[in-house]
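Close look at the chain arrangement
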Amino acid sequence: MSLSAPAVITPHLLRATDLGRDGILELLAEAAELRAALQADPRAGLERLAGRSLVMLFEKPSLRTRVSFEIGIGKLGGQAVHLDHRTERLGVRESIGDYARNLERWTDVVVARVFEHRTLEELARTSRVPVVNALSDRFHPCQALADLLTLADHGRAPGECTIAYVGEGNNVCHSLMESVAIVGGRFLAVTPPSFRPDPGIERECRRLAEASGAEIVCSDEVSAIAGADAIYTDTWFSMGDSADPAGVRDKRRVLEPYRVDAELMRIAGPQALFMHCLPAHRGEEVLDEVIDGPASVVFDQAENRMHAQNALLVRLLRDR
Ligand code: CP
Ligand code: NVA
């Protein structure tokens, strides 16, 4: 394809809002169908993406995202190539646009984990193949899709449940909040005032919630989690956060009352699931008594990364 060809409208997934309500719900249904087919016969998906490929590049470490995309596309008959950008960020050796225009000549999808969300925006702006956010400083949409699928598996239908996110209002929190704002239900961000979700993203979520009927609540009161269907937490120190020792000490002190322990789960109530995107920092944001306890669905979430992403890849490549 020449560079002067008419622009194609490329669907990207940089954040949950790129999918919309129907997009999310269809994707969850397709993920469950694909999962059932693969569970019945591990070779059942091999024709779905035969001959297709994805490039995944990581400026930060990963276990779940890398393995679930790589094994996932393999189960659909395609192949993945991994590019390690942990020592050299995108845009250093060549421009992001030139990088994207090379990749699109070989691959059908680009999956990228980056420090700065604007790197993804630039990749998406310059790429003729879909770009998927595998985590940025602002969003982690693939995680949120797997989380909604996990909630549905445990009888908490999307649009009808209350997720209480406890801790720092970070990238994982933002994508969950957006997802609930789009599909409906209640989302509580229970954080210290100094670690609330980004106010701009919160505003957008409130606007989305007007259409979906969702309820978005930001509070610093742990008691707000009573009755929630799921208690969700994430690390207090995301990849790329400042390691300044005084700042780290202060942050730990401020976040300590938001640690998920047996007492916090008691406040939530016996119906509450425990969720975490992983990796967990046991003893910090969550204690073993919770993450290893009967309410924990963290490894279901990890497994569902693959199923949700498989559905996403099929959808992105269906008409291309
Ligand atoms: N949850 C998640 O994205 O895990 P990784 O950082 O291991 O990919
Ligand atoms: N908030 C964490 C999520 C890791 C999957 C981070 O950005 O490091």
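The sections below set out a description of the structure shown in this document. Only a predicted model underlies this, so the values are computations on that prediction, with no experimental measurement involved.

What about the site of ligand 2?
What surrounds ligand 2 is the set L135, N170, N171, V172, D234, T235, S238, M239 and L278. Between an oxygen atom of ligand 2 and a side-chain N or O atom of N171, the distance comes to 2.8 Å. One nitrogen or oxygen atom from the main chain of M239 is found 2.8 Å from an oxygen atom belonging to ligand 2. Protein contacts shield 95% of the accessible area of ligand 2, which totals 270 Å² for the unbound molecule. Class assignment of the residues belonging to the shell around ligand 2 gives a composition of four nonpolar, four polar and one charged.

Focus: the environment of F115
Relative to the helices and strands, F115 is located in the loop between β3 (109–113) and α4 (117–126). As for F115 and L135, which are separated by 20 residues in sequence, their C-alpha atoms are 8.3 Å apart. Residues within four places of F115 in sequence aside, it is in contact with E59, K60, R89, S136, D137, M239 and G240.

As for the site of ligand 1
The immediate surroundings of ligand 1 are formed by S62, L63, R64, T65, R113, H140, Q143, C277, L278 and R305. C277 is positioned such that a nitrogen or oxygen atom in its backbone is 3.0 Å from a nitrogen atom of ligand 1.

What to know about the nonpolar core
Counting 60 residues, the largest nonpolar core has L54, I163 and F187 as the members making the most contacts within it. Broken down by element, the residue count for this core peaks at eight residues, all from helix α6 (residues 171–183). When neighbours within four sequence positions are excluded, F187 is seen to be in contact with I163, Y165, C173, L176, M177, V180, E215, I216 and V217. Membership of the second largest hydrophobic core comes to 20 residues, among which are Y258, L264, F274 and L278.

Let's talk about the packing of aromatic side chains
Summed over the entire model, instances satisfying the criterion amount to one aromatic pair. The side chain of K60 reaches across the aromatic face of F115, ending 4.9 Å from its centre.

Concerning the environment of A164
Topologically, A164 is positioned in strand β5 (residues 162–166). In this structure A164 touches L188, I225, A228, A230, I231 and Y232, once residues within four positions along its chain are discounted.

Section: unusual backbone geometry
Looking along the chain, the bond that leaves L278 and enters P279 is cis, with omega of 5°. Position of P279 relative to the elements: it lies in the loop between β9 (273–276) and α10 (288–291). The backbone of L135 shows a phi angle near 120°, a positive value even though the residue is not glycine. Within the secondary structure, L135 sits in the loop between β4 (131–133) and α5 (141–153). Here L278, not a glycine, exhibits a phi torsion of approximately 70°, which is positive. Residue placement: L278 occurs in the loop between β9 and α10. Relative accessible area serves as the criterion here: at 11%, L278 is assigned to the buried category.

Some points on the pattern of salt bridges
Inspection of the entire model under this criterion finds 25 salt bridges. Of the charged contacts in the structure, one is a salt bridge between R128 and E104, with a shortest N-O distance of 3.6 Å. Of this pair, R128 sits in the loop between α4 and β4 while E104 sits in the loop between α3 (96–103) and β3, and the two are 24 residues apart along the sequence. Here the two residues R128 and E104 agree in accessibility, since each one is buried. In this structure, the salt-bridge partner of D292 is R282, at a minimum N-O distance of 2.8 Å. Linking D292 in the loop between α10 and α11 (298–317) with R282 in the loop between β9 and α10, this pair joins segments that are 10 residues apart in sequence. The exposure class of R282 is partly exposed, given its relative accessible area of 42%.

Parameters at a glance
Per-chain numbering applies: the sequence of each chain, read as written, is numbered from 1 onward. Numbering of ligands from 1 and lettering of chains from A proceed in the order in which they are written. Per-residue local features are limited, in this predicted model, to residues with pLDDT of at least 70; the limit for side-chain atom pairs, both in listing and counting, is 80 or more; totals at the level of whole chains, interfaces and linings are taken over all residues. Only hydrogens and water are removed before side-chain values are computed, so all heavy atoms of the structure are retained for them. Working definition: residue near molecule or strand if any one of its non-hydrogen atoms lies within 4 Å of it. Under this definition, polar contacts are N or O atom pairs within 3.5 Å; protein pairs additionally need one hydrogen-donor-capable and one acceptor-capable atom, and for neighbouring residues in sequence, both atoms have to be side-chain atoms. Using a 1.4 Å probe, the Shrake-Rupley method yields the accessible areas, and only the shown protein chains count as cover for residues. Classes in brief: Ala, Val, Leu, Ile, Met, Phe, Trp, Tyr, Cys and Pro nonpolar; Asp, Glu, Lys and Arg charged; the others, Gly included, polar. Starting at the N terminus, helices and strands are each numbered in turn, a helix being any DSSP run of H or I of at least four residues and a strand any DSSP run of E of at least two. Contacts are residue-level and defined by heavy atoms, with any inter-residue pair within 4.5 Å sufficient. Here, nonpolar core means buried Ala, Val, Leu, Ile, Met, Phe, Trp, Tyr and Cys residues that are tied together by side-chain atoms lying within 4.5 Å of each other. When a residue's accessible area, from a 1.4 Å probe over protein chains only, is under 20% of the maximum for its type it is buried; when over 50% it is exposed; and in between it is partly exposed. Ring pairs shown here join Phe, Tyr and Trp side chains whose ring centres sit within 6.5 Å, with only the six-membered ring taken for Trp; geometry is labelled stacked below 30 degrees between planes, edge-to-face above 60, and tilted in between. Charge-over-ring contacts are defined here by two conditions on Lys NZ or Arg CZ: a distance within 6 Å of the ring centre and an angle within 35 degrees of the ring normal. Only one rule defines a salt bridge in this text: a Lys or Arg side-chain nitrogen within 4 Å of an Asp or Glu carboxyl oxygen.

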